[in-house]
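# A structural walkthrough
The lines below spell out each chain.
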Amino acid sequence: MAVISFREALNQALFEEMERDDQVFLMGEEVGQYHGAYKVSQGLLDRFGEKRVIDAPITENSFVGLGIGAAHVGMRPIIELMTFNFGILALDQIINNAAKLRYMSGGQFAVPMVIRGPNGAGGALAAQHSQALESQYVHLPGLKVIMPSTPADAKGLLKAAVRDPDPVIFMESEKLYNYKDEVPEDADYVLPIGKADIKHTGSDVTIVTYGRMYTHAVKPAIERLEGEEGISVEVVDPRTLRPLDLQTILESVKKTNRMVLVEESWPQASVGAWICEQVYANAFDYLDAPIERLSHLDVPMPYAKNLEEEVIPGPENVVEAVKAVCYR
């Protein structure tokens, strides 16, 4: 194990997969000469050259489409979006080509590609650059959607995404890039897509969360809940939002009989709304309290940093939600 940052874990995964398979290449804005807008591709151009680390112009719809075409002919592109806010410009290619071509061709075409980049709050970057857009992609059959919350998950799941035969949307938090934790150094460290992780074991309440919300809101709340409040908390991190490991969530809820859902995106038609609906449909008789949901307030992201912190769930919100379902 080595303690490295989220950014370094992603960089390791890219290096290892490009070394392993010469059909893997990276394309995106500033991924080569500038080493990536967030330095995730640091050193890749020097190692693999400009034919496999390709700087693209500011034309998201075009270079995502180029990646889809390359995947058709047997290559394994990794397309980096400077931010998923800019991925909105490529939705025609993602929705109508990447997600549907295997189905519409009766399995004759595959699209083994990864589209990755930062998602969610960026730190005083205002409404157009701080959107948590995972629900946009989870809605679509044909895509797999991954949102890791730790450096180890980031490495293991990115390697799995590169090897997967289907298009994978891999969403990272910009605010997690500097976050450090232990990561296996094994080049064969690959995590399964579609398998949730129990981040913390407990018995009184289940918190379901993913992405940045685990480290930003849930993890800091656990110490107070278990220390000051005497509430034993279990944390389930789906890691993969599509396909969703509902079984692990249900097993936890059936054990604790209470649930709090914490997400960064807006509340209406969100990933969290779908998870809560599934729990109500499949484990209603096990619930001793209504589910509490914490989401981004239903407003565009403010520019002011203090207001940004107000609209996103934080540790205090988690503590209050857990106490509510435990009738404290």
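Residues numbered from 1 in each chain as written. Predicted model: local features only at pLDDT ≥ 70, side-chain atom pairs only at ≥ 80, totals over all residues. Heavy atoms only, no water.

## Overview of the overall build of the protein chain
To be explicit about the condition: Helix and strand labels come from DSSP, where a helix needs a run of H or I of at least four residues and a strand needs a run of E of at least two; each type is numbered from the N terminus. We compute the radius of gyration over the C-alpha atoms and compare it with the globule rule, which gives 2.2 Å times the number of residues raised to the power 0.38. Burial classification: accessible surface area is computed with a 1.4 Å probe over protein chains only, and a residue below 20% of its type maximum counts as buried, one above 50% as exposed, and the rest as partly exposed. Working rule for contacts: check all heavy atoms of both residues, and any pair within 4.5 Å makes them a contact. Note on areas: Shrake-Rupley with a 1.4 Å probe; residue coverage comes only from the protein chains shown. Charge assignment: positive for Lys and Arg, negative for Asp and Glu; neither His nor the chain ends contribute. The atoms used to mark charge sites are NZ of Lys, CZ of Arg, CG of Asp and CD of Glu.
Along the backbone of the protein chain there are 13 helices and 14 strands. Over its C-alpha trace the protein chain gives a radius of gyration of 20 Å, about what one expects of a compact globule, namely 20 Å for 328 residues. Expressed along its principal axes, the backbone C-alpha trace of the protein chain runs to roughly 60 × 40 × 40 Å. Buried residues in the protein chain amount to 58% of all 328 residues. A separation threshold of at least 6 residues defines the contact pool for the protein chain, and within that pool the share at least 24 residues apart is 82%. About 13,400 Å² of surface is accessible on the protein chain, with carbon and sulfur atoms providing 52% of the total. Treating the 30 positive side-chain charges of the protein chain as one cloud and the 47 negative ones as another, the clouds have centres 3 Å apart.

## What to know about the pattern of salt bridges
Defined as follows: We define a salt bridge as a contact between a side-chain nitrogen of Lys or Arg and a carboxyl oxygen of Asp or Glu at a distance within 4 Å.
For the coordinates displayed, the defined rule picks out 25 salt bridges. Close ionic contact of Arg 102 with Asp 166 constitutes a salt bridge, the shortest N to O distance being 2.9 Å. Of the two residues, Arg 102 sits in helix α6 (residues 101–104) while Asp 166 sits in the loop between α8 (151–163) and β7 (168–173), which places them 64 residues apart along the sequence. We classify Asp 166 as buried; its relative accessible area is 17%. When the shortest N-O distance is used, the salt bridge between Glu 309 and Lys 175 registers 3.5 Å. Of the two residues, Glu 309 is situated in helix α12 (residues 305–311) and Lys 175 in the loop between β7 and β8 (180–183); the sequence distance between them amounts to 134 residues. You can call Glu 309 partly exposed: its relative accessible area is 36%. Several salt bridges converge on common partners, so that one network encompasses Glu 16, Glu 17, Arg 20, Lys 155, Lys 159 and Arg 163.

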